[in-house]
Each structure stands twice: as C-alpha cells, then as structure tokens.
Amino acid sequence: MFRSSNIVQRGFRLSLRQYCQTTFDQDIIDLFRGCQTVFDLTYGDGHHTNLLLRDDRRRVLALDRDPAVTDRFAKIHEDRFCGFRGKFSDIPTIAAENKEKLNDWFSECDGILVDFGVSNSQLKSSKGFCVGENSPLDLRMDDDGIPAHKILLYSEMDTLIKIMKAGGVKNAKGLVTDIIERRYLRNHIQTSEDLYELSRHCFSGSDAFSGLNCETSLRINISRVFLALRMFVNNELNEMKFLIKLAETVLNQGSRLVVVLHSRKEEDYFRRFLFCSTSASSANRKWNLVAHFREPSDDDDYISLLSATRL
C-alpha cells in the first residue's frame, strides 16, 4: 500500500510502522465517501483500488507507470474497473485512444487519488530503491529515460548540484565534488550501496551533521540524496505539475484530489504548485486544502495525507 521516498537501508524504517494501516484505510474511505468515479493514478500493488471498489456503486480507473502493472491489473475482474499503464502526462493520449470507452469516465470523475513516491513493488525491483540489496543505481519507475548512475557519470557539476538542492540535500556541493572526483579515479558509482557509502563518508565530515542528533540528520540527508536523484530521473516535479493541471480540468466543483506524500520536500512542492496559478484573492482560489495527517515533523519516516477540494 504505502509508497516511500525514504530508501530502505540500515536504520531506515518503513512509514507503515509509524502509522496504523487500518486508520489510514479508513481515512481514504471517508475522504472518497459519496464519490462515484475515482481515478487511482498510482495503482502500485492495487491496495487503494481494491479499497475503493468495496463500494459496489463506485468505479475506479487506475494508472501506473510500472511496466509490471499490467499483470496486476489482470487480477481484478470487475466491470467497474479499468487500468492503463503510463504516467500522468500520458493521460490525454490514453483518453484520446480510448475515447469511446472513457468519455463518460472523465466527464463523471469526482475524485482523484495519488500516492507519490515508490511503491512496494518497485522497492523489490532491484533498481536501487532499496539500498540494503546493493542493487544497480537505476531509480527509474519505468524503462524510459536515463538511469541514475549515468546521470551521476555524465552530468556537469552545476547540474548535479541543482539536482541535489532540488531534493533539499545539505552540503550538496561537497557531495557532488566527491562524485566528480571518483570519475577521475575511474571509480564510478554503479550501485545504491556505492552512493550510500559515498554520501555517508562525505556528510560525516561536515559540521552540519555533528551534535546530539547527528545520526538522524545524517540518515535524513542521505535519503534526500536518493529522493533528489529519483525525482530528476523520473521527471517527477513536472509530472506533479501536470497532475494538478489535469485535476483542475477534470474535477468539478466539490470534487476532491487526495494525495499521500512521503517527504517534506515533496509536500512543499505540491503546495507550491497547487496554488502557484491562484491569485491571493479568495474569489479566485481553485482549491481548499486540508491536511488530515502528518508524521513526523522531519523527513524521518515522513508521511502526509492531504485533500484538496475543487472550488
């Protein structure tokens, strides 16, 4: 069910341990109560979709960019369900190619659910999301684009610093300097373990990670390194912007966009994008945003549940 931006590794714990799944499930049920056509745009292992389909008056359109998702779609035998593989920005193409089938789905959509981050299935995919497995540093949620280890190998220093800063990484310049230095030594970063060890060595020598809570601060900053790379590799910020524009187009007044986020940085971006085109005047507001749950205050096992109601 849960997606995570925190990389599962030494000392990293799953958000599920911090938050009762039964309570979370009930929150999802309550937030979509009365909704008849819901889009679950991060299908993952199908937990949320199956939860939503418990209401026999509701139908669910599912989407996921994971190449293996089509096999999971096949396990749901419901006329009230349809699933497609793709990312948020693929939705217009999917709608156009399936116009006759999906026209009324889009016109009647009154709820959208998105769980940002990495699904449990992707954590098991040996693409570097799980550091403990010492997997190749890929970090792609699908088979498109450039894998993370090539980004680290070929990108200019300024580009890498910008990537790291976008993920909230402290001492980004120091880390990138060490990455570039390894290029000259022909000791390229190839695996999640390589990046973890290099990050830990770099940050351990910084004054920013000394003091009482140094181990927690160090762990959080390393998780942000992987978050920053993952967001860049998968073009996640542009996809997030597209999702919000899509929701503005598809959802009518009173309909709801529900999102789950697993890092403070991602939540900051979501809030910024949600209101970036909205005037300060309350008369021009498009969304009413409510935070239903956040745990904890920093990025260590962070999880946040937000709902935005269309005005």
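(A) Structural context of the side chain of R72. You can see R72 is positioned in helix α3 (residues 69–73). A residue is classified by how much of its surface remains accessible, and R72, at 15% relative accessible area, is buried.

(B) A look at the confidence of the model for the chain. Mean pLDDT over the chain: 87, with 87% of residues reaching 70 or higher. Considering only residues more than four positions removed or in separate chains, one finds that residues 4–19, a stretch of pLDDT under 50, has 57 contacts.

(C) Broad picture of helix α8 (residues 157–166). Looking only at α8, the buried set comprises L160, I161, I163 and M164. Taken around the axis of α8, the buried residues stretch over an arc of 160°, which confines them to a single face. Structural note: α8 exposes D158, K162 and K165 on the side pointing more than 90 degrees away from its buried face. Its buried side turned inward, α8 meets α7 (148–154), α9 (172–184) and α11 (214–233). Downstream of α8 by one or two residues, G168 has phi in the positive range, about 80°.

(D) A look at the pattern of salt bridges. Considering all chains together, one arrives at 17 salt bridges under this definition. Between D55 and R58 there is a salt bridge whose closest N-O contact spans 3.8 Å. Both residues of the pair, D55 and R58, belong to the buried class. The salt bridge involving D66 is made with R72; its shortest N-O contact spans 3.2 Å. Connected via shared salt-bridge partners are D55, R57 and R58.

(E) The arrangement of unusual backbone geometry in detail. If you check the backbone angles, R186 has positive phi at about 55° while not being a glycine. Relative to the elements of secondary structure, R186 occurs in the loop between α9 and α10 (192–204). Classification of R186 as exposed rests on a relative accessible area of 72%. A positive phi angle, near 55°, is found at N235, a position not held by glycine. For N235, the location among the structural elements is in the loop between α11 and α12 (236–250). A relative accessible area of 37% places N235 in the partly exposed class.

(F) Seen up close, the environment of D55. Structurally, D55 can be placed in the loop between α2 (47–52) and β2 (59–64). Judged by relative accessible area, D55 falls into the buried class, the value being 17%. In the structure, D55 is positioned 20 residues away from C35 in sequence and 9.7 Å away in space, judged by C-alpha atoms.

(G) Focus on the pairing of strand β4 (residues 111–115). Counting buried positions over the five residues of β4 gives five, a clear majority of the element. For strand β1 (residues 37–40) and β4, the ladder comprises three bridges, and the chain directions are parallel. Bridged to V38 within β4 is G111.

(H) Examining the side chain of S135 more closely. One can find S135 in the loop between α6 (120–123) and α7. You can call S135 buried: its relative accessible area is 4%. In this structure, S135 is in contact with S126, K127, G128, C130, T191 and S192, ignoring residues within four places of it in sequence.

Rules used throughout
Residues numbered from 1 in each chain as written. Predicted model: local features only at pLDDT ≥ 70, side-chain atom pairs only at ≥ 80, totals over all residues. Heavy atoms only, no water. Helix = DSSP H or I, 4+ residues; strand = E, 2+ residues; numbered from the N terminus. Buried < 20%, exposed > 50% of the residue type's maximum accessible area, 1.4 Å probe, protein only. pLDDT = per-residue confidence, 0-100. Contact = heavy atoms within 4.5 Å. Arc of directions from axis to C-beta. Salt bridge = Lys/Arg side-chain N within 4 Å of Asp/Glu carboxyl O. Pairing = 2+ DSSP bridges.

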